[in-house]
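Next come the chains, spelled out residue by residue.
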Amino acid sequence: MTTTTSPRVLEHPTRDQIRLEEVLHALSDAVRLRIVRDMAREDTELSCSYFDLPVTKSTTTHHFRVLRESGVIRQMYRGTAKLNCLRRSDLDALFPGLLDSVLAAAGAQAGREGEEGTA
């Protein structure tokens, strides 16, 4: 008997499968970093439609897939909505301080860019 996987169940790496280089790659893109910053700030499950990103829908889907496959976020379906949550506890356990450091640096950079735009 063959077990079929529902297309509504998304593949995620287990905690032990999360690799530092994949996490750093996922966080190295400005759009993906923006998604992660929003998720960290809200600290709750967010639907994909919550994010107002300056890219096409297909590119947005790609960014969420990179974040999910790297282990940065978890995605799950609730009804027709795909919800996203940051895997903070997994990332903090594997790489203590990494996420907080990246988020702080991204916030500082955003602050500098905002200040330059008003000068």
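Residues numbered from 1 in each chain as written. Predicted model: local features only at pLDDT ≥ 70, side-chain atom pairs only at ≥ 80, totals over all residues. Heavy atoms only, no water.

As annotated in an unreviewed UniProt entry, the chain carries the name DNA-binding transcriptional ArsR family regulator and comes from Streptomyces nymphaeiformis.

Draft legend 1. Representation of the nonpolar core in the model. By size, the foremost hydrophobic cluster in this structure holds 24 residues, and its most contacted members are Ile 35, Val 36 and Val 72. Those elements that provide at least two residues to this core are α1 (20-27), α2 (30-42), α3 (57-70) and α5 (98-118). Top element by residues in this core is α2. It accounts for five residues. (Core = buried A, V, L, I, M, F, W, Y, C linked by side-chain atoms within 4.5 Å. Buried < 20%, exposed > 50% of the residue type's maximum accessible area, 1.4 Å probe, protein only. Helix = DSSP H or I, 4+ residues; strand = E, 2+ residues; numbered from the N terminus.)

Draft legend 2. Spotlight on the packing of α2 against α3. Running from N to C, α2 and α3 point in directions that differ by 70 degrees, and their axes come no closer than 10 Å. Relative to α3, α2 is oriented roughly perpendicular. Crossing hand, α2 versus α3: right-handed. On the side of α2, the interface is formed by Val 31, Arg 32, Ile 35 and Val 36, while α3 contributes His 62, His 63, Phe 64, Val 66 and Leu 67. Across the contact of α2 with α3, the residue classes tally to six nonpolar, two polar and one charged. (Axes fitted to C-alpha atoms, helices over the stretch in contact; angles between N-to-C directions. Parallel < 35°, antiparallel > 145°, perpendicular 65-115°, else oblique. Left-handed = near helix turned anticlockwise from the far one by under 90°. Contact = heavy atoms within 4.5 Å. Nonpolar A, V, L, I, M, F, W, Y, C, P; charged D, E, K, R; others polar.)

Draft legend 3. Structural context of the packing of α1 against α3. The contact between α1 and α3 brings their axes to 9 Å, and the two run at 160 degrees. Classified by the interaxial angle, the pair formed by α1 and α3 is roughly antiparallel. Viewed along their axes, α1 and α3 form a crossing whose handedness is left-handed. Only Val 66, Leu 67, Glu 69 and Ser 70 of α3 make contact with α1, whose side of the interface consists of Glu 22, Val 23, His 25 and Ala 26. Taken together, the residues that form the contact of α1 with α3 break down as four nonpolar, two polar and two charged.

Draft legend 4. Structural context of the side chain of His 12. Looking at the element boundaries, His 12 is found in the segment before α1. For His 12, a relative accessible area of 17% puts it in the buried group. Reaching out from His 12, the side chain makes a polar contact with the backbone nitrogen of Gln 75 at a distance of 2.9 Å. In this structure, His 12 is in contact with Gln 17, Arg 68, Ile 73, Arg 74, Gln 75 and Arg 87, ignoring residues within four places of it in sequence. (Polar contact = N/O pair within 3.5 Å; in protein donor to acceptor, adjacent residues only side chain to side chain.)

Draft legend 5. Quick peek at α2. Counted at 1.5 Å a residue, the expected span for α2 with its 13 residues is 18 Å, and the 18 Å between its end C-alpha atoms agrees. Restricting attention to buried positions, one finds in α2 the residues Val 31, Arg 32, Leu 33, Ile 35, Val 36, Asp 38 and Met 39. The opening residue of α2, the one whose side-chain oxygen lies 2.9 Å from the backbone nitrogen of Val 31, is Asp 29. Looking one or two places after α2, you find Asp 43, whose phi comes out positive at around 55 degrees. (Expected span 1.5 Å × (residues − 1).)

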